[in-house]
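A structural walkthrough
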Amino acid sequence: MSLIKLLPVTLLLSVILACNSSGQQKGTAAVKIDTANTKAVAAFAEGCFWCSEHIFEELAGVDSAVSGYAGGHTKNPTYEEVCSEKTGHAETVLVYYNPKVISYSQLLDAFFTSHDPTTLNKQGPDEGSSYRSAIFYTNAEQQKAAGEAIKKWTPAFKNLIVTEVAPLKAFYRAEEYHQNYANENPYNSYIQNVSRPRFESFKRECKLKFKKD
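By the naming in an unreviewed UniProt entry, the protein chain is Peptide methionine sulfoxide reductase MsrA, taken from Arcticibacter tournemirensis. In UniProt, the protein chain has this text filed under Function (unreviewed entry): "Has an important function as a repair enzyme for proteins that have been inactivated by oxidation. Catalyzes the reversible oxidation-reduction of methionine sulfoxide in proteins to methionine."

Description of the packing of helix α2 (residues 49-57) against helix α7 (residues 189-205)
For the pair α2 and α7, interaxial distance at closest approach is 10 Å and the crossing angle is 35 degrees. For the pair α2 and α7, the sense of crossing is right-handed. From α2, W50, C51, H54 and I55 reach across to α7, where they touch Y190, I191, V194, S195, R196, R198, F199 and F202.

Observations regarding the pairing of strand β7 (residues 133-137)
The buried fraction of β7 is high, at five of five residues. Neither face of β7 is open: one carries S133, I135 and Y137, the other A134 and F136, and all of them are buried. Where strand β2 (residues 40-46) meets β7, four bridges bridge the pair, whose relative direction is antiparallel. Across the sheet, A43 pairs through a bridge with F136, a residue of β7.

Considering helix α5 (residues 140-153)
Taking 1.5 Å per residue, 14 residues should reach 20 Å; α5 reaches 20 Å between its end C-alpha atoms and fits that length. Among the residues of α5, those classed as buried are Q142, A145, A146, A149, I150 and W153. Across the axial projection of α5, the buried residues extend over an arc of 140 degrees, all falling on one side. Looking at α5, the residues exposed on the side facing more than 90 degrees away from the buried face are A140, E141, K144 and K151. N-capping of α5 is provided by N139, with a side-chain oxygen placed 3.1 Å from the backbone N of E141.

Considerations on the packing of aromatic side chains
For the structure shown, the criterion picks out eleven aromatic pairs. Ring geometry for W50 against Y181: centres 3.8 Å apart, planes inclined by 5 degrees, an arrangement best described as stacked. A residue pair is termed long-range when its members are at least 10 positions apart, and W50 in helix α2 and Y181 in helix α6 (residues 181-184) qualify at 131 residues. Take Y181: its relative accessible area is 11%, and that puts it in the buried class. Among the aromatic residues, those joined into a cluster by ring pairs are F44, F56, Y104, F111, F112 and W153. Looking at K203, its charged tip hangs above the ring of F210, at a distance of 5.6 Å from the centre.

Examining the environment of Y69
Note that Y69 resides in strand β3 (residues 62-70). In this structure, the C-alpha to C-alpha distance between Y69 and T87, residues 18 residues apart in sequence, is 9.8 Å. Engagement of the side chain of Y69 in a polar contact is seen with the side chain of E175, the distance being 2.7 Å.

Considerations on the nonpolar core
F44, F56, L59 and L107 are the most contacted members of the largest nonpolar core, which totals 47 residues. No other element matches helix α4 (residues 104-113), which puts six residues into this core. Setting aside anything within four residues of it in sequence, one finds L59 in contact with I102, L107, A110, F202, C206, L208, K209, F210 and K211. A43, V66, L94 and A166 belong to the second-largest nonpolar core, a separate cluster that totals 13 residues.

Reading the values: the criteria
- Residues numbered from 1 in each chain as written.
- Predicted model: local features only at pLDDT ≥ 70, side-chain atom pairs only at ≥ 80, totals over all residues.
- Heavy atoms only, no water.
- UniProt positions renumbered as here; feature names shortened; annotations may be inferred.
- Axes fitted to C-alpha atoms, helices over the stretch in contact; angles between N-to-C directions.
- Helix = DSSP H or I, 4+ residues; strand = E, 2+ residues; numbered from the N terminus.
- Left-handed = near helix turned anticlockwise from the far one by under 90°.
- Contact = heavy atoms within 4.5 Å.
- Buried < 20%, exposed > 50% of the residue type's maximum accessible area, 1.4 Å probe, protein only.
- Pairing = 2+ DSSP bridges.
- Expected span 1.5 Å × (residues − 1).
- Arc of directions from axis to C-beta.
- Polar contact = N/O pair within 3.5 Å; in protein donor to acceptor, adjacent residues only side chain to side chain.
- Phe/Tyr/Trp six-rings, centres within 6.5 Å; stacked < 30°, edge-to-face > 60°.
- Lys NZ or Arg CZ within 6 Å of the ring centre and 35° of its normal.
- Core = buried A, V, L, I, M, F, W, Y, C linked by side-chain atoms within 4.5 Å.

The structure is reproduced here in structure tokens:
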């Protein structure tokens, strides 16, 4: 039986409305990725970016996480276009972090702890290629670290890891109403029934330091 059929009606409506919301802006803009800057950056896709943005921002050493779209072929895609599964994009978070406090390898540990990397084009109640598991690397070092992390985490799962590893060719910042969504909309049914439980589970399992520790 499909998991989405088991969702409470209020949560199901929340999921449906999310992909039909017109938002607050009609287009998105590409974010310039300056890998030469002192502030390090990483990009991960692991299902709904409302969930993953909240997860990464709570880690000590992470300055901020930006919700957006990566891995697709359409320029400046809108949320509705990404939800149509026709642009090739995945909901992605761009993570700005201080490597003196948290390393890229540790962020990869957080990535594999915070979602199921064995479900193809699916994460929880969300289905489609836009919810796929992916690591978008910005350089050869990150590409190598991603491969090593997959080998490290493979024994932790019963099924095969299907995480995509690809270069970050472009990242588009999502519409502003998506940014910091979990904190701005704590009573949203999706946040209460999906995002919050997922974060609490991650916090129990994750061995990394949190900002509020």
